[in-house]
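The lines below spell out each chain.
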Amino acid sequence: MTHARPCIAVPLGDPAGIGPELVAKLLAERQAIDGADVVVVGDPWLWLEGQRVAGTALTLPEIASWEQARGQAGPVLLPLDTIRPEEVEFGRVDAACGASVLKVLAHCLDAAQAERIDAICFAPLNKLAMKQGGLRHEDELHFFAEYLKVPGEVSEFNTLGSLWTSRISSHVPLSEAARYVTPERILNATRLIHDALVAAGVAQPRIAVAAINPHAGEGGTCGREEIDVIAPAVEACVAAGYPAQGPFPADTLFRRARDGEFDAVVTMYHDQGQIALKLLGFERGVTVQGGLPIPITTPAHGTAFDIVGQGKASVEAMRHAFAIACRMGAHHARNRGV
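Residues numbered from 1 in each chain as written. Predicted model: local features only at pLDDT ≥ 70, side-chain atom pairs only at ≥ 80, totals over all residues. Heavy atoms only, no water.

Labelled according to an unreviewed UniProt entry, the chain appears under the name 4-hydroxythreonine-4-phosphate dehydrogenase PdxA, originating from Billgrantia desiderata.

**Q** Could you give an account of the overall build of the chain, with specific residues and numbers?
**A** Tallying secondary structure elements over the chain gives 11 helices and 11 strands in all. The C-alpha atoms of the chain give a radius of gyration of 20 Å, which matches the 20 Å a tight globule of 338 residues would have. For the chain, the spread of C-alpha atoms along the three principal axes comes to 60 × 45 × 35 Å. Put simply, the chain has 338 residues, and 54% of those count as buried. In the chain, 75% of the contacts between residues at least 6 apart in sequence involve partners at least 24 apart. (Helix = DSSP H or I, 4+ residues; strand = E, 2+ residues; numbered from the N terminus. Rg over C-alpha atoms; globule rule 2.2 N^0.38 Å. Buried < 20%, exposed > 50% of the residue type's maximum accessible area, 1.4 Å probe, protein only. Contact = heavy atoms within 4.5 Å.)

**Q** Kindly report on the sheet that holds strand S1 (residues 7-11), identifying the contributing residues and their values.
**A** Here 11 strands make up an open sheet; going across it, the order is S3-S2-S1-S4-S11-S10-S5-S6-S9-S7-S8 and the pairing mixed. Only two strands of the sheet have a single partner each, and these edge strands are strand S3 (76-79) and strand S8 (244-248). On average, each strand axis in the sheet is tilted by 25° relative to the strand beside it, whichever way the strands run. With 3 bridges connecting them, strand S5 (residues 155-160) and strand S6 (residues 163-167) associate as antiparallel partners. Bridging from a neighbouring strand, asparagine 158 pairs with threonine 165 of S6. Here helix H4 (residues 95-113) sits on the sheet in contact with S1, strand S2 (37-42), S3, strand S4 (119-121) and strand S11 (296-299), set at roughly 170° to S1. The strands that helix H6 (residues 140-147) touches are S5, strand S10 (286-290) and S11; relative to S10, the one it contacts most, it runs at about 30°. (Pairing = 2+ DSSP bridges. Axes fitted to C-alpha atoms, helices over the stretch in contact; angles between N-to-C directions.)

**Q** Before we move on, can you summarise empty space enclosed by the protein with the specific residues and values?
**A** Regions of empty space are outlined by a rolling probe, equal in size to a water molecule, passed over the atoms. Inspection of the entire model under this criterion finds 3 cavities of 30 Å³ or more. Roughly 80 Å³ of internal volume is contained in the largest cavity. Taken together, 13 residues line the largest cavity, and the ones lying closest to its centre are Pro11, Leu12, Gly13, Val101 and Val104. For the lining of the largest cavity, the secondary structure elements donating two or more residues are S2 and H4. It is H4 that contributes the most residues to the lining of the largest cavity, 4 residues altogether. Residue classes in the lining of the largest cavity are distributed as 9 nonpolar, 3 polar and 1 charged. Of the voids in this model, the second largest cavity is the one considered here, and its volume is about 60 Å³. Taken together, Asn158, Thr159, Gln274, Leu277, Lys278, Gly281, Phe282, Gly285, Val286, Ala300 and His301 make up the lining of the second largest cavity. Residue assignment for the lining of the second largest cavity shows that the elements contributing at least two residues are S5 and helix H10 (270-281). The leading source of residues in the lining of the second largest cavity is H10, at 4 residues. Broken down by class, the residue content of the lining of the second largest cavity amounts to 4 nonpolar, 6 polar and 1 charged. (1 Å grid on protein atoms, 1.4 Å probe; cavity = no way out; pocket = protein on both sides within 12 Å on 5 of 7 lines; lining within 4 Å. Points joined across faces, edges and corners; volume = space filled by probe spheres on them. Nonpolar A, V, L, I, M, F, W, Y, C, P; charged D, E, K, R; others polar.)

**Q** Account for the pattern of salt bridges, naming residues and giving values.
**A** Taken as a whole, this structure holds 18 salt bridges when the rule is applied. Aspartate 118 is the partner of arginine 70 in a salt bridge, and the nearest nitrogen-oxygen pair spans 2.9 Å. Separated by 48 residues along the polypeptide, arginine 70 in the loop between helix H3 (44-54) and S3 and aspartate 118 in the loop between H4 and S4 bring together distant segments of the chain. Aspartate 118 carries the same exposure label as arginine 70, and that label is buried. The salt bridge involving glutamate 261 is made with arginine 256; its shortest N-O contact spans 2.6 Å. Of the residues examined, glutamate 261 reaches a relative accessible area of 36% and is grouped as partly exposed. (Salt bridge = Lys/Arg side-chain N within 4 Å of Asp/Glu carboxyl O.)

In structure tokens form, the structure reads like this:
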């Protein structure tokens, strides 16, 4: 049986942050969510608090299990009891909030493993709160990968409109970044973002690979990684069927990508791509968790503790994250034949 629409789980994010407000604003935009079966996941009181801050008044029917998620007339709420109102101090990092996030995400991952949902689009969370609340991993991506028993490489992608980036290392100290520059990691990052772009609707992705050294190493006089590692890795990508070009100097590459020459940039470390994308459009950026068996997206910005409760949070990135989750979720469902 093929379902007409993908089923998207939408966790409310860190209880002390802007996530509940963003979910309330997203669901108020019916044209943004009409293409999917939407399941809000979390504490009912937190959903009501998000609506209070957002100034919305939507009534979500509650469902008792994931089996009821599909085919509803509109968004529904799958209620979980993970944290009490008196445990939350809005705008603060707190272990109880981190533990709440982990419980909600685990519940959604269970649904993904049972093939009850086609994608997850979660509202912003706080990594420090999650680590204080029990997260043993460097970030949520590696939590997802272990929980879902992913055997291969994973990579966090960031997107801004039609421009995507992947990276060969993520939340590691800059002093260690160069040791992650290996042919295997470059090939994996290129493969993963190529496949993700195809799932998101880009038939023939144009992928650029960034250099790590200034001016791409200046012929080996300012570092040899481009000659010894990155250029051979790009050749290996092409030979494997992933059309890539590079390495290109990072200080000019993103202008070319911004102007439409490339669909994606493979970067060598976290801030090489993040700074560029956030300068181009902080409030529109989306993070896609790559290499997982189910699409997972989220706004690229954080929990914005400084504006919690003020109704100021922009829903734009959440809207884009949800749209990508819908496209990738529909592709995921078609591949599974459901």
